[in-house]
Amino acid sequence: MTAPLPLISLRSVCRTYRADGVAVTAVRNVSFDIDQGEILAVMGPSGSGKSTLMNMIGLLDLPSQGAIYLEGADVAALTEDRRSSLRARSIGFVFQSYNLLARHNAIENVALPLVYCGVGRKERLERAEQSLEAVGMLHRAHHYPRQLSGGEQQRIAIARALIATPLIVLADEPTGALDSRTGAEILALFAALNEAGQTIVMITHDPSIATQCRRTIRLHDGELVSDETLAPVLPKRSFAS
Amino acid sequence: MTMLQGFRIALHALRLNPLRSFLTMLGIVIGVASIVTVFAIGAGAQLRLQEQIRSIGANVLMITPGAVYQGGVRLKEGSKLTMTESDVQAILEQIPEVQAAAGSIAGTAQVIHEGKNWNTTINGTTTGHFMVRDWQLASGRYFSGTEEAGAGKVVILGSTVARELFAPGDDPIGAQIRIMKVPLEVVGVLDHKDPSQDDVAFVPLTTAKLRFLGSASNINRDSVAYIIAKVTADGQMAGARSEIESLLRQRHRILAGQEDDFKVQDPAAAMEAQQGAIRTVALLLVAIASVSLLVGGISIMNVMIVSVTERTREIGIRRALGGRMRDIRLQFLCEALVLCLLGGAIGVIGGVTLSMTVARMAGWITSIDSEAIALALAFSIATGLIFGFYPAHKASKLSPIEALKTE
């Protein structure tokens, strides 16, 4: 028997943009694995390639070189439609600015990914209620985003990210727009979700957030400079550098 | 994402901006309404003509007096009655394609029954007239041979005259009416044919000449104002026509090169030509109305492009949450379609209302058929698809990463 496959593997991933005829390398030769059940912080100053990396892990973008494997499958080999469907089923996005649809109420926002999973309306709303309950926002189900505080909106966004029971939740500066107390609540929510087995990747430039994650990857100028696991709960692994 | 979901999302989006949605679809509303109205009026005009053609009867030729010279002066057509009863006889006997023929003279007079009176056309003719025009009786009988030969004091009423002179429950058959002080017995009432044809009272030709119209200076004992003839089959119309022409030229002693003193007409053919003209005008008007549909489509495209730009972030979010390019395309296509369909539906209602108003106010006959409505709706769906496609395609091609970055 072989060891279980990592959830996501990045192998020598590079991402080069061509802006005004000049090639800009946002991510350079990055390799690491993400295992099922991990909570991982990706740190780095702005412009270090964090967001580009997250877009690639989230199947919104493809590497220029190297490969990304989701459960062992090369995502570049999939069609655009297939990657979209995988996003709906396997990836949960949480954004810094929440990105709720302003013209839909909370429960409709939460149910939205299921539209793209082909789930019927009745089941969508049932599952959205469950998801809202899991983040403690069921009482806000019929409120519109503008009627909610930032912390509440982010909880709704997390409920939306969770609804399709994704393989991985990708959070891009999830507390960036929140005050420190609300931010701490959101982080506690992520910690609880991880306790329940949810794989989470958090992108942040805030070291205090990173310390709450067991594992931290640091990027600088698009390169992976460190990959540390704080508490030695999991056995040490070696990573290609 | 299914079509149904697409439509639901579209309705949701359009409800949020009702004024803008309405203004956007206004071009379609106007276009569809004008198409429906033009169709209704055009179809009504054609219907009216068809009824008139039917009321004349099938395969009927009409022979009327032509222009004549009198001492070198060319007189107005019909100013001299050139046809005679013996012409009628000759046509019947010598032209095998003619199965029935009748001569008529006509004038107008007041008809009186008890307290009621009515001004109508008095047509003196023979029973052949009803054969030529396939005109059935609602009740009673046609003229008898004796009545036709002996100037019998009998009358057959058109349905309008019967309605005007007699109370609804009253049976006109056997009743006495008076025309120019002459008492006549009603022997028959004709079937309803067409409003333009039913306002008439028929008397035997002999009766008309002897008692009513005989004093008119241009009527000699034998002459008739016009002749109608029924040809056995549609394919023989042209042949019968030229045979009648040569027969009458011969009988009227018209030399080669001289102008006919009569005219043979095919009224149904003339009306069909008129019908063709109406159809052409209606098509032209529909074409003009279609231009407003085109303009409506362009305005929908314009608003949709703006809407795609405004909602770039929404598109990015939907893509990140798993919306495929085709889902985004479907969503915006559905919006354009809903706009066009709603506009089309409002336009149909508006067009139907407008044509009914026109029918009432102007007294025109309009006819709204489901085909025109289906066509107008099909046009608006096509407009939605054609003009919605580009903005929808544009939306689906947006890069989700870029779209998420926009404010």
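Everything numeric in this text was worked out from a predicted model, so none of it was measured.

## Considering the overall build of chain A
A count of helical and extended segments in chain A gives 7 helices and 10 strands. Expected size for 241 residues packed as a compact globule is a radius of gyration near 18 Å; at 18 Å, chain A falls within 12% of this value. Dimensions of chain A, computed from C-alpha atoms along their principal axes, come out at roughly 50 × 50 × 40 Å. Relative to its 241 residues, chain A shows a buried fraction of 48%. Within chain A, contacts between residues separated by at least 24 positions form 69% of all contacts whose residues are at least 6 apart in sequence.

## Topic: the interface of chain A and chain B
Contacts between the two partners involve 18 residues from chain A, matched on the other side by 14 residues from chain B. Of all the secondary structure elements, the ones that give two or more residues to the side of chain A that touches chain B are α2 (80–90) and α3 (106–115) of chain A. Residue contributions to the side of chain A that touches chain B peak at 6 residues, all from α2(A). Each residue belonging to the side of chain A that touches chain B can be placed in one class, and the counts come to 9 nonpolar, 4 polar and 5 charged.

## Section: the environment of A:Val169
In this structure, A:Val169 sits in strand β7 (residues 168–172). Taking the C-alpha atoms as reference points, A:Val169 and A:Ala128, separated by 41 residues in sequence, lie 17 Å from one another.

## Regarding the domain arrangement of chain B
With domains assigned, chain B is organised as domain 1 (3–52 + 272–405) and domain 2 (103–231). Taking the mean C-alpha position of each, domain 1 of chain B and domain 2 of chain B sit 55 Å from one another.

## Here's the deal with helix α11 (residues 325–362) of chain B
Along an α-helix, residues three or four positions apart point the same way, because every turn accommodates 3.6 residues. Helix length check: α11(B) (38 residues) gives 53 Å between terminal C-alpha atoms against 56 Å at 1.5 Å per residue, within 8%. Phi for B:Gly363, located one or two positions after α11(B), is positive at around 75 degrees.

## What to know about the confidence of the model for chain B
Residues and elements named next belong to chain B. Counting all residues, the mean pLDDT for chain B is 87, and 96% of those residues have values of 70 or more. Within chain B, helix α10 (residues 312–320) carries the highest mean pLDDT (95), whereas strand β2 (residues 69–70) carries the lowest (66). Here the predicted complex carries an ipTM of 0.91, next to a pTM of 0.73.

## Regarding the packing of helix α2 (residues 18–56) of chain B against helix α9 (residues 267–310) of chain B
Relative placement of two packed helices is described by the angle separating their axes and the distance separating the axes. Residues and elements named next belong to chain B. Remark: α2 packs on α9, axes separated minimally by 7 Å, with the N-to-C direction vectors making an angle of 170 degrees. With respect to α9, the element α2 is oriented roughly antiparallel. A breakdown of the residues in the contact of α2 with α9 according to their chemical character gives 22 nonpolar, 13 polar and 2 charged.

## Topic: unusual backbone geometry
Residues and elements named next belong to chain B. One non-glycine residue, Asp134, lies in positive phi territory at about 50 degrees. Topologically, Asp134 is positioned in the loop between α4 (128–132) and β7 (137–140). The exposure class assigned to Asp134 is partly exposed, which follows from the 17 C-beta atoms found within 10 Å. Residue Met180 is not a glycine yet carries a positive backbone phi of 45 degrees. Its place among the elements puts Met180 in the loop between β9 (176–179) and β10 (182–190).

Parameters at a glance
- Residues numbered from 1 in each chain as written.
- Chains lettered and ligands numbered in written order.
- Predicted model: local features only at pLDDT ≥ 70, side-chain atom pairs only at ≥ 80, totals over all residues.
- Helix = DSSP H or I, 4+ residues; strand = E, 2+ residues; numbered from the N terminus.
- Rg over C-alpha atoms; globule rule 2.2 N^0.38 Å.
- Buried ≥ 20, exposed ≤ 12 C-beta atoms within 10 Å, placed from the backbone.
- Contact = placed C-beta atoms within 7 Å.
- Nonpolar A, V, L, I, M, F, W, Y, C, P; charged D, E, K, R; others polar.
- Domains from an automatic or database assignment.
- Expected span 1.5 Å × (residues − 1).
- pLDDT = per-residue confidence, 0-100.
- Axes fitted to C-alpha atoms, helices over the stretch in contact; angles between N-to-C directions.
- Parallel < 35°, antiparallel > 145°, perpendicular 65-115°, else oblique.

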